[in-house]
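Each chain, written out:
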Amino acid sequence: DPYCRSVIDGALEVESLKVRVVLVPRSKMIMINSEASTKNLLQVMVASSHSRFPIHNEEQDSILGVVLAKDLLAHLANNQDDEFNYREYLRDALSVPESKPLGALLREFQQNKSHMAIVLDEYGEIAGLVTLEDVIEQIVGEIEDEHDKEEDNIIDYGDGRFLLQANTTLSEFNEFFDSNITSDDYDTVAGLVISGFSYLPEQLSEISLHGFQFKVLKTDNRRLHLLEVQYQSTNEKPKEK
């Protein structure tokens, strides 16, 4: 059964994949200012459709904890006229480094009964967040719900690294990176990378092509899923959009 095999492969991969592969980068995090009013809290929660929200102390650039949407809803149902004091409901925020293996994170989620962790970079600054669902998806595949939105194909981490959906078209890649890669044999970056290797590469394989360094972050026995892209030292960064 191909699906069973992919689940087994995914379970093995989480022991070697790092948190940085699946994190939601800081630029896409929905954080709530620690000074926000009940009205502001509600507006953010309704607009985002998430269930857990990091409370951000902007002055110290730190996460105080996590507030659950269900706690605010319960408060509003019983105390409609009272301001919601989120500190009474604040839950501890698990913090993990970017380099933590997903397998270890999964066990930490289980031990702490947590569903979300704040990811810190090597300087202890907020790099993003990761959820239990993100880890599970590495094992069983994508879990979509009615609130899922289409993700950007290319995400700039801001440190010279870019996360790339492997099925990104060459035309989109060229537009983003101001490059001019063309081929009659393939239309996607996955095709470019596979052609460069001349076979389906394994996870963490790297290759230099057309002035870019590609690293395979996620793959299975059928296709590439995620790539990390960096400019080679001779290349320029993309123009500001």
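Note that the structure is a prediction, hence the values are computed from the model and not measured.

Caption draft 1: How the structure looks around the overall build of the chain. A tally of helices and strands in the chain yields seven helices and 12 strands. In the chain, which comprises 241 residues, the share counted as buried stands at 43%.

Caption draft 2: Spatial organisation of the pairing of strand 3 (residues 52–57). Across the six residues that make up strand 3, a large majority, five, are buried. Bridge count between strand 2 (residues 32–33) and strand 3: two bridges; the pairing is parallel. Paired with Ile 32 across the bridge in strand 3 is Ile 55. In this sheet, strand 4 (residues 62–68) lies alongside strand 3 in antiparallel orientation, the contact comprising six bridges. Bridging from a neighbouring strand, Asn 57 pairs with Ser 62 of strand 4. Linking strand 3 to strand 4, which pair antiparallel, is a turn of four residues; within it Asp 61 sits at a positive phi near 50°.

Caption draft 3: Just the environment of Pro 54, in detail. Here Pro 54 lies in strand 3. Classification of Pro 54 as buried rests on a relative accessible area of 1%. Not counting residues up to four positions away in its chain, the partners in contact with Pro 54 are Met 29, Ile 30, Met 31, Ile 32, Ile 63, Gly 65, Val 66, Met 116, Ile 118 and Leu 129.

Caption draft 4: Spatial organisation of the sheet that holds strand 9 (residues 161–165). Here we have five strands laid out as an open sheet, ordered 8-9-12-11-10, and antiparallel in their pairing. At either margin of the open sheet sits one strand with a lone partner, and together these are strand 8 (154–156) and strand 10 (206–209). Averaged over all adjacent pairs, the angle separating strand axes in this sheet is 25°, with direction ignored. On the sheet, helix 6 (residues 170–177) packs against strand 8, strand 9, strand 11 (212–219) and strand 12 (224–231) and is oriented at approximately 25° with respect to strand 8. Strands strand 9, strand 10, strand 11 and strand 12 of the sheet are contacted by helix 7 (residues 189–197), whose axis makes an angle of about 100° with strand 10.

Caption draft 5: Structural view of a nonpolar patch on the surface. Together, Leu 42, Val 46 and Leu 73 make up an exposed nonpolar region whose accessible area comes to about 270 Å². Positionally, Val 46 belongs in helix 2 (residues 38–48). For Val 46, a relative accessible area of 60% gives the class exposed.

Caption draft 6: Structural view of the pattern of salt bridges. Here the structure, examined in full by the defined rule, presents five salt bridges. Notably, a salt bridge pairs Asp 61 with Arg 26, separated by 2.8 Å at the nearest N-O pair. In this pair, Asp 61 is assigned in the loop between strand 3 and strand 4 and Arg 26 in the loop between strand 1 (24–25) and strand 2, connecting sequence segments 35 residues apart. Judged by its relative accessible area of 30%, Arg 26 falls in the partly exposed class. For Lys 100, the salt bridge goes to Glu 108, with nearest N and O atoms at 3.0 Å. Sharing partners across several salt bridges, the network here consists of Glu 98, Arg 161 and Glu 228.

Caption draft 7: Spotlight on helix 4 (residues 102–112). Regarding helix 4, the residues found buried are Leu 102, Gly 103, Leu 105, Leu 106, Glu 108 and Phe 109. A positive phi of about 55° marks Lys 113, the residue just after helix 4.

Caption draft 8: Local environment of the confidence of the model for the chain. Per-residue confidence for the chain gives a mean pLDDT of 83, with 84% of residues at or over 70. Segment residues 143–150 is flagged for pLDDT under 50; beyond a separation of four residues in sequence, or across chains, it makes six contacts in the model.

Caption draft 9: The sheet that holds strand 4, seen in detail. Strands sit in the order 2-3-4 across an open sheet of three strands; the sheet is mixed. Two strands lie at the open edges of the sheet, namely strand 2 and strand 4, each paired on one side alone. This element, helix 2, spans strand 2, strand 3 and strand 4 of the sheet and lies at about 135° to strand 3. Of the strands in this sheet, strand 3 and strand 4 are in contact with helix 3 (residues 69–78), which crosses strand 4 at around 55°.

Rules of the game
- Residues numbered from 1 in each chain as written.
- Predicted model: local features only at pLDDT ≥ 70, side-chain atom pairs only at ≥ 80, totals over all residues.
- Heavy atoms only, no water.
- Helix = DSSP H or I, 4+ residues; strand = E, 2+ residues; numbered from the N terminus.
- Buried < 20%, exposed > 50% of the residue type's maximum accessible area, 1.4 Å probe, protein only.
- Pairing = 2+ DSSP bridges.
- Contact = heavy atoms within 4.5 Å.
- Axes fitted to C-alpha atoms, helices over the stretch in contact; angles between N-to-C directions.
- Patch = residues over 30% accessible without salt bridge, like charges linked within 9 Å, V, L, I, M, F, W, Y side chains within 5 Å.
- Areas by Shrake-Rupley, 256 points an atom, 1.4 Å probe, with all protein chains shown as cover.
- Salt bridge = Lys/Arg side-chain N within 4 Å of Asp/Glu carboxyl O.
- pLDDT = per-residue confidence, 0-100.

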